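# Breakdown of the fold
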Number of protein chains: 2
Amino acid sequence: AAAGLAAPAIAQEAPTVTWRVTSSFPKSLDTIFGAADTMARYVSEMTDGRFTLQIFPAGELVPGLEAADAVASGTVEACHTVPYYYWGKDPAYALGAAVPFGLNARMMNAWFYYGGGVDMMNEFYATQNLIAFPAGNTGVQMAGWYRKEINSLADMQGLKMRIGGFAGKVIEKLGVVPQQIAGGDIYPSLEKGTIDAAEWVGPYDDEKLGFQKVAPYYYYPGWWEGGPAIATMVNLDKWNELPKSYQAVLKAGCVVANTDMLASYDWKNPTALKNLVANGAQLRPLPQDVLSAAFDAAAATYAEVSASNPAFKKIWDSQVAFRKDAYLNAQIAEYNYDVFMMAQQQAGKL
Amino acid sequence: AAAGLAAPAIAQEAPTVTWRVTSSFPKSLDTIFGAADTMARYVSEMTDGRFTLQIFPAGELVPGLEAADAVASGTVEACHTVPYYYWGKDPAYALGAAVPFGLNARMMNAWFYYGGGVDMMNEFYATQNLIAFPAGNTGVQMAGWYRKEINSLADMQGLKMRIGGFAGKVIEKLGVVPQQIAGGDIYPSLEKGTIDAAEWVGPYDDEKLGFQKVAPYYYYPGWWEGGPAIATMVNLDKWNELPKSYQAVLKAGCVVANTDMLASYDWKNPTALKNLVANGAQLRPLPQDVLSAAFDAAAATYAEVSASNPAFKKIWDSQVAFRKDAYLNAQIAEYNYDVFMMAQQQAGKL
């Protein structure tokens, strides 16, 4: 009886909780999938193994693009995904990840953690039976791989391009024909010429897929992904059942994943970029008229969506207000430090 | 007896641990001091209040610049400080924070978490009876406040400037006379003309001290602080006594503080910058010949220190190798995205 009294007391204080977390990514993406693993490792270590997140690669339990739905319905407790995948259900999802010409990675963190962004997104996510926290960022992505050079806006007309989500809705206005193609099918589609161009992520992830062999022109910047945030989304009922200390543990684990993923990309991309160029990738900046037309197309899209979607409008207005001041401030200390250092790099002095 | 058996079992699994953490900063610096508070709040919440960090402002237990010594000797268990404060004991400390023309904030994280930086610093810190983890970053700082304009390198000659630590050693080579002055004494010293210039942090922290009233020229960038990392330093014996789960909790708390502080600055600086300019601050870029001379002076200093200090050399060589490739990579997607956005800001389109 004594032991019977003691055991529940311990259990009450630190219950064993095992969650299934479905990732929207394959294990081969060690950058993105790796951040979920890091989150799980921290959560387990912090709780002496009492709170366990089992991370499943995309497709093992749930298809990658259905992760949020599986969480909302309670099929799994949580997922590690990119909120913009679900923009078709509601464009407001995209604002929790990245939209064209949105905030960069540091600005997203500022907005999330100090600008009320996490709370604002969760006000929306609650309508979806979800709660979510930032849990990764890739930094500015590349604009992808092109079979032919893009010399002006006219060259975008009729371009069949693998590009996902909300960005596809914007780039359509430039005459591009967006295609939804899974990661593994991009290479053969480019090789056969079924598509003319494809965006994936950035140097490190792209290098593994060898795109330079079939579409050598590697354009930048990826104007639709200035600082895409990955999220850990949790079923709202499961979240509310979690002890307060485990909620704090999971939130901290998400911050670790957020910081870890960007550090991983920032460490790995420089070497990968050099490898890609050595292996035939031709680096090209997108022409200014393409960027300007895309900016105007994005602005028109935001106006359209905001007119009929108050949740989107509220969140986007908040991001826009910060974007304006943040990109003023960024021109002073950050820009001038980095540009001086870049000049030293070009002069061979670093 | 039954209760007597049960209690130690619980205690063994989750002991009560209370640590005293001395900050090198006053509470009024809500950005930096605030990150230590955030770390403490997370650590407490994650452990249901069993592991408590009591954060003390500078001077209450230990003077701000003696925090690391107090930790090493066991007077307090931990501190929240800037490692470069201790460069006089050994210049290798500075590499855990910032050195002139070093890595920016994102690059510091990449180096710390993926480039072996945390482990490399801890190999050195172990010789000091310390272990430390990154726990904050300010981003690129400003070059400070000047009573007169700096039009060329000649204007630096004989300039009495409040500037701390390792940067003082470098800026001396430009003819500047570095002064060590506590934060609260800077304003009267500038007002009286005892000093000609002073660096503090950046717009948000600087605005509170009203420097523009006595030294209106606000220069950028702070070439000695491209991404200064703040650290939580722990007494090595106390660290080793900590249960593994609390070690993980503290490490996660440090990552939260690291990310939180940069987000705090990035959120607050843009508004502060606008306020400062509205209140008379005159923004000025440092002349290129000043930056170039400072870069060469820094390179000479690194060669001097490396020649006699193997620990410094090992760590600095690791940072330099990454710096070269990171500032190549940064010129592609990140630079071109941000510059396009800055141009839109200047055109009034954001």
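Our structure's up above, just so we're on the same page.
A tally of regular secondary structure across chain A gives 13 helices and 11 strands. Computed over the C-alpha atoms, the radius of gyration of chain A is 21 Å, within 12% of the 20 Å expected from 2.2 N^0.38 for a compact globule of 350 residues. Each principal axis of the C-alpha distribution contributes one length, and for chain A these read about 80 × 45 × 45 Å. Out of the 350 residues in chain A, the part that is buried amounts to 61%. By sequence separation, contacts in chain A at least 24 residues apart represent 77% of the contacts at least 6 residues apart.

Attention shifts here to the interface of chain B and chain A. The interface is formed by 81 residues belonging to chain B together with 81 residues belonging to chain A. Contact with chain A buries area across many residues of chain B, yet Tyr114, Trp267 and Tyr337 of chain B alone supply 11% of it, more than any other trio. Remark: the boundary between chain B and chain A carries 6 salt bridges. Note that Asp325 of chain A and Lys274 of chain B form a salt bridge whose closest N and O atoms lie 3.0 Å from each other. The interface formed by chain B and chain A contains 23 residue pairs in polar contact (both at pLDDT 80 or more). Within the residue set of the side of chain B that touches chain A, elements represented by two or more residues are α1 (2–13), α2 (32–46), α4 (105–114), α10 (244–278), α11 (288–308), α12 (310–329) and α13 (333–346) of chain B.

With that settled, consider the side chain of Arg162 of chain B. Mapped onto the elements of the fold, Arg162 of chain B is located in strand β6 (residues 160–162). Discounting residues that sit within four places of it in the chain, Arg162 of chain B has contacts with Gln179, Ile181, Gly183, Ile186, Ile195, Ala197, Ala198, Glu199 and Trp200 of chain B.

The next thing to look at is α13 of chain B. Taking 1.5 Å per residue as the helical rise, α13 of chain B with its 14 residues ought to reach 20 Å, and the 20 Å between its terminal C-alpha atoms agrees with that figure. For α13 of chain B, the complete set of buried residues consists of Ala333, Glu334, Tyr337, Asp338, Phe340, Met341, Met342, Gln344 and Gln345 of chain B. On its buried side, α13 of chain B packs onto β9 (217–220), α11 (288–308), α12 (310–329) and α13 (333–346) of chain A together with α4 and α12 of chain B. Immediately downstream of α13 of chain B, the backbone of Gly348 of chain B shows phi near 70°, a positive value.

Right, let's talk about helix α7 (residues 183–192) of chain B for a bit. Residues and elements named next belong to chain B. Those residues of α7 that sit buried are Gly183, Ile186, Ser189 and Leu190. Each buried residue of α7 lies within a common arc of 95° when the element is viewed along its axis, so the set occupies one face. Exposed side chains of α7 directed beyond 90 degrees from the buried face belong to Gly184 and Lys192. Directly after α7, the chain includes Gly193, whose backbone phi takes a positive value near 85°.

The strands making up a sheet associate through hydrogen bonds between their backbones, and the pairing can be parallel or antiparallel. Residues and elements named next belong to chain A. Taken together, the 5 strands give an open sheet; going across it, the order is β2-β1-β3-β10-β4, and neighbouring strands pair in mixed fashion. The sheet terminates laterally at β2 (51–56) and β4 (130–137), the two strands that pair on one side only. Sheet twist, expressed as the mean angle between neighbouring strand axes with direction ignored, is 25°. In the sheet, β4 pairs with strand β10 (residues 229–235) via 6 bridges, with the strands oriented antiparallel. Looking across to β10, one finds that Leu130 is bridged to Asn235. Set on the sheet, helix α4 (residues 105–114) makes contact with β4 and β10; between it and β4 the angle comes to about 150°. Against the sheet, helix α5 (residues 117–126) makes contact with β4 and β10, and its axis sits at roughly 135° relative to β4, the strand it touches most.

All names here are of chain A. Read across the open sheet, the 6 strands follow the order β7-β6-β8-β5-β9-β11; overall the sheet is mixed. The open sheet has two edge strands with one neighbour each: β7 (177–179) and β11 (282–285). The pairing of β9 with β11 spans 4 bridges and is classified as parallel. Residue pairing for β11: Tyr219 is matched across the bridge by Arg284.

We now examine the relation of the copies chain B and chain A. Of the transformation superimposing chain B on chain A, the axial component is 0.0 Å and the angular component is 180°, with the fit at an RMSD of 0.0 Å. In short, the pair behaves as if placed about a two-fold rotation axis. Both copies share a contact surface, since 100% of the interface residues of chain B are interface residues in chain A too.

On to the packing of α4 of chain B against helix α5 (residues 117–126) of chain B. In a packed pair of helices, the relevant descriptors are the angle between the two axes and the axis-to-axis distance. All names here are of chain B. It is the contact of α4 with α5, at a shortest axis distance of 4 Å, that shows an interaxial angle of 75°. The angle between α4 and α5 places the two elements in the roughly perpendicular class. For the pair formed by α4 and α5, the contact residues are Trp111, Phe112 and Tyr113 on the first element and Gly117, Val118, Met120 and Met121 on the second. For the contact of α4 with α5, a count of residues per class yields 6 nonpolar, 1 polar and no charged.

The final tally for this structure, using the stated rule, is 51 aromatic pairs over all chains. Ring geometry for Phe166 of chain A versus Tyr302 of chain A: centroids 6.1 Å apart, planes at 15°, classification stacked. One end of the pair, Phe166 of chain A, is in helix α6 (residues 165–171); the other, Tyr302 of chain A, is in helix α11, and 136 residues separate them in sequence. The pair formed by Phe166 of chain A and Tyr302 of chain A is uniform in burial state, with each residue classed as buried. A centroid spacing of 5.3 Å and a plane angle of 10° characterise the contact between Phe101 of chain B and Trp223 of chain B, whose relative ring orientation is stacked. Here the residue Phe101 of chain B occupies a position in the loop between β3 (78–81) and α4, and Trp223 of chain B occupies one in the loop between β9 (217–220) and β10 (229–235), the gap between them amounting to 122 residues. A relative accessible area of 1% means that Phe101 of chain B is categorised as buried.

What counts, and at which threshold
- Residues numbered from 1 in each chain as written.
- Chains lettered and ligands numbered in written order.
- Predicted model: local features only at pLDDT ≥ 70, side-chain atom pairs only at ≥ 80, totals over all residues.
- Heavy atoms only, no water.
- Helix = DSSP H or I, 4+ residues; strand = E, 2+ residues; numbered from the N terminus.
- Rg over C-alpha atoms; globule rule 2.2 N^0.38 Å.
- Buried < 20%, exposed > 50% of the residue type's maximum accessible area, 1.4 Å probe, protein only.
- Contact = heavy atoms within 4.5 Å.
- Buried area = accessible area lost by both parts, 1.4 Å probe.
- Salt bridge = Lys/Arg side-chain N within 4 Å of Asp/Glu carboxyl O.
- Polar contact = N/O pair within 3.5 Å; in protein donor to acceptor, adjacent residues only side chain to side chain.
- Expected span 1.5 Å × (residues − 1).
- Arc of directions from axis to C-beta.
- Pairing = 2+ DSSP bridges.
- Axes fitted to C-alpha atoms, helices over the stretch in contact; angles between N-to-C directions.
- Least-squares fit on C-alpha atoms with pLDDT ≥ 70 in both.
- Parallel < 35°, antiparallel > 145°, perpendicular 65-115°, else oblique.
- Nonpolar A, V, L, I, M, F, W, Y, C, P; charged D, E, K, R; others polar.
- Phe/Tyr/Trp six-rings, centres within 6.5 Å; stacked < 30°, edge-to-face > 60°.

Everything listed is a geometric property; what it means functionally is a separate question.
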